[in-house]
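In case you want the letters, here they are:
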Amino acid sequence: MPLKNFTSINDIDDMNSWIQEAKEIKQNTLSNNKLGNNKTIGLLFFNASLRTRLSTQKAALNLGMNPIVMNVAGDAWGIEFEDGTIMNGATAEHIKEAAAVVSQYCDIIAVRAFPTLSDKQKDESEHILNSFLKYASVPIINMESATQHPLQGLTDAITISENKNKKKPKIVLSWAPHIKALPHAVGNSFVEAMHKMDVDFVIANPEGYNLNPEITKDTPIFYNQKEAFKNADFIYAKNWSAYNDYGKVLKKDTDWMITKGKIGNAKFMHCLPVRRNLVVEDAVLDSDNSLVIDQANNRTYAAQLVLKKILENG
Ligand code: CP
């Protein structure tokens, strides 16, 4: 199926074939190094990034594209997203002009814009990502929005496929402690990616931390981490703030931290960045069972696959 935009895991029509194609790209990263010649991708960051920023540029370069990167929050004029506003406040430029202007310079626009975690309705409307979809005239890639991080979810699916040693592995997405209120995007996209794979998938989180039920659907949710971890092949740790009690941190104690004793021989996954000895102890991250660097490496091939599909679509 032709790919116009990539905004969520739901844009993946056949996860198995996408994973296969990503593995082929990984084997021969420069096989399509002319596909993007004379094409420009603009990477717009409203928030910080290490992996997404570098791996998406690397993917574009592997395809022969020219990447342009901008820290929108710090370096651009303040962008107004509301329609009909009298712009006599902090914002200096409307998204209608901003998105249309960037479309003059770029053949693809990629956007990172985190949620407020205070205004649930606004976050769930994906007002920044959807404004670019509405007002830009070129394809849009989501580099982590208020509710989705599909490049990460695709990466995680590729990484599990590469490292599984049984046909249908058991995967656990486990909430882990953090000092700050964090978004739901990585958890949401991981759940949606697992729903597209042939895996035995469960979620472990403390009471009060269930993700959006429209995303988790009928995934079993355990409030007992030890119970959830039984016979696990992969344990994916991530913190997220409460969804029902929106954006709140309800629990700070460390009893949900991932430890070597808890995970046994399971492979450990995390999207990074990760806070050592808060989310997960050193002994796990420093062990051979940790896949976090493999995941980060696969971010390039996930992005390259998405870019390739969009470029092939013309
Ligand atoms: N995992 C991830 O998206 O990392 P960055 O926030 O550093 O891009």
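Along every chain, residues carry numbers that run from 1 in the direction the sequence is written. Where local features are concerned, this predicted model is filtered to residues with pLDDT of at least 70; where side-chain atom pairs are given and counted, the filter is 80 or more; whole-chain, interface and lining totals use all residues. The basis for the side-chain values is all heavy atoms of the structure; hydrogens and waters are excluded.

## Some remarks on the overall build of the protein
For the protein, the count of helices and strands is 13 helices and 11 strands. Throughout, radius of gyration means the C-alpha value; the globule benchmark is 2.2 Å times the number of residues raised to the power 0.38. Here the protein has a C-alpha radius of gyration of 19 Å; the compact-globule value for 314 residues is 20 Å, and the two agree. Counting only C-alpha atoms and orienting by the principal axes, one finds that the protein spans roughly 55 × 50 × 35 Å. Relative accessibility decides the category of a residue: with a 1.4 Å probe and only protein chains considered, values under 20% of the type maximum give buried, values over 50% give exposed, and everything between is partly exposed. Burial analysis of the protein (314 residues in total) assigns 55% to the buried set. By the convention used here, residues are in contact when the closest approach between their heavy atoms is within 4.5 Å. Within the protein, contacts between residues at least 6 apart in sequence are counted, and of these 76% link residues at least 24 apart. The way it works is that DSSP assigns letters per residue, a run of H or I at least four long becomes a helix, a run of E at least two long becomes a strand, and they are numbered from the N terminus.

## Remarks on the domain arrangement of the protein
Just so you know, the domain bounds were taken from an automatic or database domain assignment. Parsing the protein into structural domains produces domain 1 (9–148 + 299–312) and domain 2 (150–295). A separation of 25 Å is found between the C-alpha centroids of domain 1 and domain 2. Counting residues at the interface gives 31 residues for domain 1 and 32 residues for domain 2. Taking both sides of the interface into account, the surface hidden between domain 1 and domain 2 amounts to around 2,700 Å²; carbon and sulfur atoms contribute 63%. Glu-162 is the partner of Lys-26 in a salt bridge, and the nearest nitrogen-oxygen pair spans 2.8 Å. Pairs of N or O atoms within 3.5 Å make up the polar contacts considered here, provided that, within protein, one atom can donate a hydrogen while the other can accept it, and that residues adjacent in sequence are counted only when both atoms are side-chain atoms. Summed over the shared surface of domain 1 and domain 2, the number is 10 residue pairs in polar contact (both at pLDDT 80 or more). Computed with a 1.4 Å rolling probe, the buried area is the accessible surface lost when two parts are put together, summed over both parts. Any carboxyl oxygen of Asp or Glu that lies within 4 Å of a side-chain nitrogen of Lys or Arg is treated as forming a salt bridge with it.

## Thoughts on the environment of Gln-20
Examined against the element boundaries, Gln-20 turns out to sit in helix H1 (residues 15–27). Sequence separation between Gln-20 and Asn-163 is 143 residues, and the spatial gap between their C-alpha atoms is 14 Å.

## Details of the side chain of Gln-152
Mapping Gln-152 onto the fold places it in helix H7 (residues 150–163). For Gln-152, the contacting residues outside a window of four places in its chain are Val-186, Tyr-236, Cys-271, Gln-295 and Arg-299.

## What to know about the pairing of strand E2 (residues 66–71)
DSSP bridges decide pairing: two strands pair if at least two such bridges lie between them. Direction of pairing for strand E1 (residues 40–45) relative to E2: parallel, over a ladder of six bridges. What sits directly across from Ile-41, in E2, is Pro-67. By convention, a crossover is right-handed whenever its connection, traced from the first strand over the helix to the second and viewed with the strands pointing away, goes clockwise. With helix H2 (residues 51–62) bridging E1 and its parallel neighbour E2, the resulting β-α-β unit is right-handed.

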